[in-house]
Amino acid sequence: MKLNLTAKIRQKLALKTPPVSENDVLECFINRTHSFLIDTREDHQTDPVTQWFISENDYGRRLKVCFMKEEAHITIKSAYVPNADEERIYTKFAKPLFM
């Protein structure tokens, strides 16, 4: 499935400290070990739903990736270093992909 990053999102990711590249996001998808979670916060409701996960790129940098899965592609909404609360939520609710 193809990743879709708009110019606005590319700029947003480039301004992160440190910057997040499209390759970082792709590596996080490939290296993912747990399920996606759905963002249920009222002000983040989208159609299709916004999903997210936390994973590492190939260099061990952990990122929270937020996206919408559409028919032919995945639209990236954001990617950044997760805070402790996001790590706690993901650890508690995400299911392992392999057992």
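Not measured: the values here are computed from a predicted model.

Engineer: What should I look at first to understand the side chain of glutamate 27 in this one?
Structural biologist: Within the element layout of this structure, glutamate 27 appears in helix α2 (residues 22–31). Buried charge without a salt bridge: glutamate 27, with arginine 61 as the nearest opposite-charge side chain at an N-O distance of 8.8 Å. For glutamate 27, the side chain forms a polar contact with the side chain of asparagine 23, separated by 2.8 Å. For glutamate 27, the side chain forms a polar contact with the main-chain nitrogen of aspartate 58, separated by 2.9 Å.

Engineer: Even after reading the chapter, I still don't get α2, so can you show me in this structure?
Structural biologist: Because each turn of an α-helix spans 3.6 residues, side chains separated by three or four positions end up pointing in the same direction. Those residues of α2 that sit buried are Asp24, Val25, Glu27, Cys28 and Phe29. In this structure, the buried side of α2 is in contact with β1 (2–4), α1 (7–14), β3 (50–56), β4 (62–69) and β5 (73–80).

Engineer: Sorry if this is basic, but what is going on with the nonpolar core here?
Structural biologist: Across soluble globular proteins, you tend to see nonpolar side chains buried next to one another. Counting residues in hydrophobic clusters, the biggest one holds 21 residues, and the most contacted among them are Val25, Phe29, Val65 and Ile76. Elements with a minimum of two residues in this core: α1, α2, β3, β4 and β5. Sorting elements by how many residues they give to this core places β4 first, with four residues. For phenylalanine 29, the contacting residues outside a window of four places in its chain are Leu3, Phe36, Phe53, Val65, Phe67, Ile74 and Ile76.

Engineer: Got a minute to help me understand the pattern of salt bridges in this structure?
Structural biologist: A side chain of one charge can pair with a side chain of the opposite charge if their charged atoms are brought near each other. Tallying each qualifying case throughout the model produces six salt bridges. Glutamate 87 is the partner of arginine 62 in a salt bridge, and the nearest nitrogen-oxygen pair spans 2.9 Å. Taken as a pair, arginine 62 in strand β4 and glutamate 87 in helix α3 (residues 84–93) lie far apart in primary sequence, 25 residues in all. Residue arginine 62 is classed as partly exposed on the basis of its relative accessible area, which comes to 32%.

Engineer: Teacher, can you tell me more about the packing of aromatic side chains here?
Structural biologist: For any two aromatic rings, the description comes down to two numbers: the centre-to-centre distance and the angle of the planes. Per the counting criterion, the structure on display carries seven aromatic pairs. When the ring of phenylalanine 36 is compared with that of phenylalanine 67, the centres are 4.8 Å apart and the planes differ by 70 degrees; the resulting orientation is edge-to-face. With phenylalanine 36 in the loop between α2 and β2 (37–38) and phenylalanine 67 in strand β4, the pair connects residues that are 31 residues apart, well separated along the chain. On the basis of relative accessibility, which here comes to 28%, the residue phenylalanine 36 falls in the partly exposed class.

Engineer: Which parts of the structure should I look at to understand the pairing of β5?
Structural biologist: Taken residue by residue, a regular strand's side chains alternate between the two faces of the sheet. Pairing geometry for β1 and β5, over three bridges, is parallel. Following the sheet pairing, asparagine 4 is matched in β5 by threonine 75. The pairing of β4 with β5 spans six bridges and is classified as antiparallel. Across the sheet, the residue bridging to valine 65 is alanine 79, located in β5. What sits between the antiparallel neighbours β4 and β5 is a turn of three residues.

Engineer: Could you clarify how one ought to interpret α3 in this entry?
Structural biologist: Every buried residue belonging to α3 is among Glu86, Glu87 and Tyr90, and all of these are buried. End-on view of α3: buried residues confined to an arc of 100 degrees, all on one side of the axis. Among the exposed residues of α3, those pointing more than 90 degrees away from its buried face are Ala84 and Lys92. At the N-terminal boundary of α3, the capping side chain belongs to asparagine 83, with an oxygen 3.0 Å from the backbone nitrogen of aspartate 85.

Quick notes on the rules
Residues numbered from 1 in each chain as written. Predicted model: local features only at pLDDT ≥ 70, side-chain atom pairs only at ≥ 80, totals over all residues. Heavy atoms only, no water. Helix = DSSP H or I, 4+ residues; strand = E, 2+ residues; numbered from the N terminus. Buried < 20%, exposed > 50% of the residue type's maximum accessible area, 1.4 Å probe, protein only. Lys, Arg positive; Asp, Glu negative; His and termini not counted. Salt bridge = Lys/Arg side-chain N within 4 Å of Asp/Glu carboxyl O. Polar contact = N/O pair within 3.5 Å; in protein donor to acceptor, adjacent residues only side chain to side chain. Contact = heavy atoms within 4.5 Å. Core = buried A, V, L, I, M, F, W, Y, C linked by side-chain atoms within 4.5 Å. Phe/Tyr/Trp six-rings, centres within 6.5 Å; stacked < 30°, edge-to-face > 60°. Pairing = 2+ DSSP bridges. Arc of directions from axis to C-beta.

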